[in-house]
Amino acid sequence: MEKFIAIKHFIRALYPNKEIIPLHEPLFVGNELKYLKECIETNFVSSVGPFVDRFENMIEEYTGAKKAVVCVSGTNALHIALLLAGVERGDEVITQPLTFVATANAIAYCGANPVFVDVSKKTLGMDPDKLEDYLIKNTSISKGYCINKISGKRIKVCVPMHTFGHPVEIEAINDICIRFHMELIEDAAESLGSKYKNRHTGTFGKFGILSFNGNKTVTTGGGGMILTNNVKLGEMAKHLTTQAKTHHPWEYIHDEIGYNYRMPNINAALGCAQLENIDANLKKSREIADKYKKFFESINISFFSESENCFSNYWLNAIFLKDRTERDAFLEYTNSHGVRTRPAWRLMNKLSMFQNCLTGDISNANQIEDTLVNLPSSIPGKL
Ligand SMILES: *Cc1c(COP(=O)(O)O)cnc(C)c1O
């Protein structure tokens, strides 16, 4: 209990003058209002407008992806990426049990089933050793496809997620995907600004996706982005997200079933303004993480730090408590004192809609679910 009180005081000092300290709130200190005003004054508020292209170009430049395609949400972005990677009804897609539900939902939108393999304690994202173990034990290659011997289904794609912004061991995972004939899609929804060996997360696989939801590092209110280094696939993604409309000055002709997933100009305007400040904000996020790290070291509580080769945006800071009992007591104490902490997501394989999906050994994920707590991680107005 003494430790809980000390932690509460420390967090209150990080975020002074706040009655309720949120887990993660957006920061608008740049050109947000100016750009929004521009949208309204020029009547470009919907899904065509200069900020849409500008935002895509800014993300391409920032991440190094050859093509970036805006969507109305990260979940949509993942849906389109999965479709273009060839996921069809009845297929399987490997992902991790410790993730936000959007990852598994997007797989289900394609009529495919997620298969859950464990995460690593070092990165909190997919564990390449566990992935390899699962594939060696349970799959065989037939006609160029990775076939799950348990279900008889094709495993087309693997979707690791960079948990709380911390990069996974993406090179090792990519090598395994190549060996087992699977496409790699990175769920980089939480990791804008995070790099593995100095290369931006989301740019290693066939596709990567970002989210700009209200609580993410950069927000557009709601929004997402598809990243790819294959320009042709990028154009196909653009086509699918805009109702598959063919180019013609006045005729409305659509050449396949498309989606209305294109981000409106007003959201993109917000994104442009936000992205202008990302470097300064990343620096502040990493300073907060550093303060947390030093503090938790001083009271002997384990704080999660980026692993080797990784540069993390520290989107959500995390500590590990002793067990579920201590975790629950801490959540109860902090939340009833205005400090918004929260547990890890309930593991995907325990949610009713995914409880019958195949699962490897997920002992790490179980342990993390029992002990991890996320801490308030917004950027204070000033440090
Ligand atoms: C936020 C998030 C998404 C996408 O969420 P949207 O709200 O649809 O933008 C996808 N995966 C993970 C892991 C996320 O955290």
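The numbering scheme is per chain: residues are counted from 1 as the chain's sequence reads. Per-residue local features are limited, in this predicted model, to residues with pLDDT of at least 70; the limit for side-chain atom pairs, both in listing and counting, is 80 or more; totals at the level of whole chains, interfaces and linings are taken over all residues. Hydrogens and waters are ignored; side-chain quantities use all the structure's heavy atoms.

Caption draft 1: Summary view of the overall build of the chain. Numbering of helices and strands runs from the N terminus, with a helix taken as a DSSP run of H or I at least four residues long and a strand as a DSSP run of E at least two residues long. On a plain count of helices and strands, the chain comes out with 12 helices and 16 strands. With the principal axes as the frame, the chain shows a C-alpha extent of 65 × 60 × 35 Å. Buried means the residue's accessible area, taken with a 1.4 Å probe over protein chains only, is under 20% of the maximum for its type, while exposed means over 50%, and partly exposed covers the values in between. Here the chain holds 383 residues, and 54% of them are scored as buried. In this analysis, two residues are considered to be in contact whenever any of their non-hydrogen atoms come within 4.5 Å of each other. Taking contacts inside the chain between residues at least 6 apart in sequence as the whole, the part at least 24 apart equals 70%. The method behind every accessible area is Shrake-Rupley, applied with a 1.4 Å probe, and residues are considered shielded solely by the protein chains displayed. With the model as given, the accessible surface of the chain reaches about 16,400 Å², and the carbon-plus-sulfur share is 51%. Counting rule applied: Lys, Arg positive; Asp, Glu negative; His and chain ends not counted. By convention, charge coordinates are those of NZ in Lys, CZ in Arg, CG in Asp, or CD in Glu. The centroid of the 43 positive side-chain charges in the chain is displaced by 1 Å from the centroid of its 43 negative side-chain charges.

Caption draft 2: Broad picture of the site of the ligand. Around the ligand sit 15 residues, and of these Gly 74, Thr 75, Glu 190, Ser 211 and Lys 216 come closest. The contact in question runs from an oxygen atom of the ligand to an N or O atom on the side chain of Ser 211, over 2.7 Å. In the analysis that follows, any N or O atom pair within 3.5 Å is treated as a polar contact, provided that within protein one partner can donate a hydrogen and the other can accept it, and provided that, for residues neighboring in sequence, both atoms belong to side chains. Between the ligand and Lys 216, the relevant distance is 3.1 Å, taken from an oxygen atom to a side-chain nitrogen or oxygen of the residue. In the complex, the protein chains occlude 91% of the 380 Å² of accessible area that the ligand would expose alone. According to the grid-proximity analysis, the pocket containing the ligand is the second largest pocket. When residues are sorted by character, Ala, Val, Leu, Ile, Met, Phe, Trp, Tyr, Cys and Pro go into the nonpolar class, Asp, Glu, Lys and Arg into the charged class, and all the rest, Gly among them, into the polar class. Partitioned by chemical class, the residues of the shell around the ligand number four nonpolar, eight polar and three charged. In these notes, residues near a molecule or strand are those with any non-hydrogen atom within 4 Å of it. Buriedness of a pocket was judged along seven lines, with at least five required to meet protein on both sides within 12 Å; pockets are open sets of points on a 1 Å grid over the protein atoms alone, cavities are sets where a 1.4 Å probe fits but cannot get out, and lining residues have an atom within 4 Å of a point. Throughout, a molecule is located in a cavity or pocket provided that more than half of its atoms lie within 2 Å of its grid points.

Caption draft 3: Geometry of the nonpolar core. Judged by nonpolar contacts, the single largest core of 26 residues is most densely connected at Leu 82, Val 93, Val 157, Ile 185, Phe 207 and Ile 226. When residues of this core are traced back to their parent elements, those giving at least two are strand E1 (67–71), helix H4 (74–84), helix H5 (101–109), strand E6 (154–159), strand E10 (207–211) and helix H8 (231–241). Counting residues per element, this core draws most heavily on H4, at six residues. Beyond its immediate stretch of four places on either side in the chain, Val 157 contacts Leu 82, Ala 85, Val 87, Glu 92, Val 93, Ile 94, Met 182, Glu 183 and Ile 185. Nonpolar cores are built from buried Ala, Val, Leu, Ile, Met, Phe, Trp, Tyr and Cys residues. Side-chain atoms within 4.5 Å join them into one set.

Caption draft 4: Layout of the side chain of Thr 220. Among the structural elements, Thr 220 can be located in the loop between E10 and strand E11 (224–228). Excluding residues within four positions of it along the chain, Thr 220 makes contact with Phe 55, Phe 212, Met 263, Asn 267, Leu 270 and Gly 271.

Caption draft 5: Fine view of unusual backbone geometry. With phi around 60°, Asn 17 is a residue other than glycine that occupies positive phi space. When you line up the elements, Asn 17 lands in the loop between helix H1 (2–14) and helix H2 (32–42). Taking the relative accessible area as the measure of exposure, Asn 17 reaches 82% and is therefore exposed. The backbone of Asn 198 shows a phi angle near 70°, a positive value even though the residue is not glycine. Within the element layout of this structure, Asn 198 appears in the loop between strand E8 (195–196) and strand E9 (199–200).

Caption draft 6: Representation of the state of the cysteines within the structure. The term disulfide is used for any two cysteine sulfur atoms that are within 2.5 Å. For the coordinates displayed, the defined rule picks out zero disulfides. Cys 158 forms no disulfide, and the closest cysteine sulfur to it belongs to Cys 177, at a distance of 4.1 Å.

Caption draft 7: The sheet that holds strand E13 (residues 310–311), seen in detail. A pair of strands is considered paired only if DSSP assigns at least 2 bridges between the two. Within the open sheet, the three strands sit side by side as E9-E8-E13. Their pairing is antiparallel. Of all the strands in the sheet, just E9 and E13 have a single pairing partner and so form its edges. As paired strands, E8 and E13 are joined by two bridges and run antiparallel to one another. Along E13, the bridge assignment pairs Lys 195 with Phe 311.

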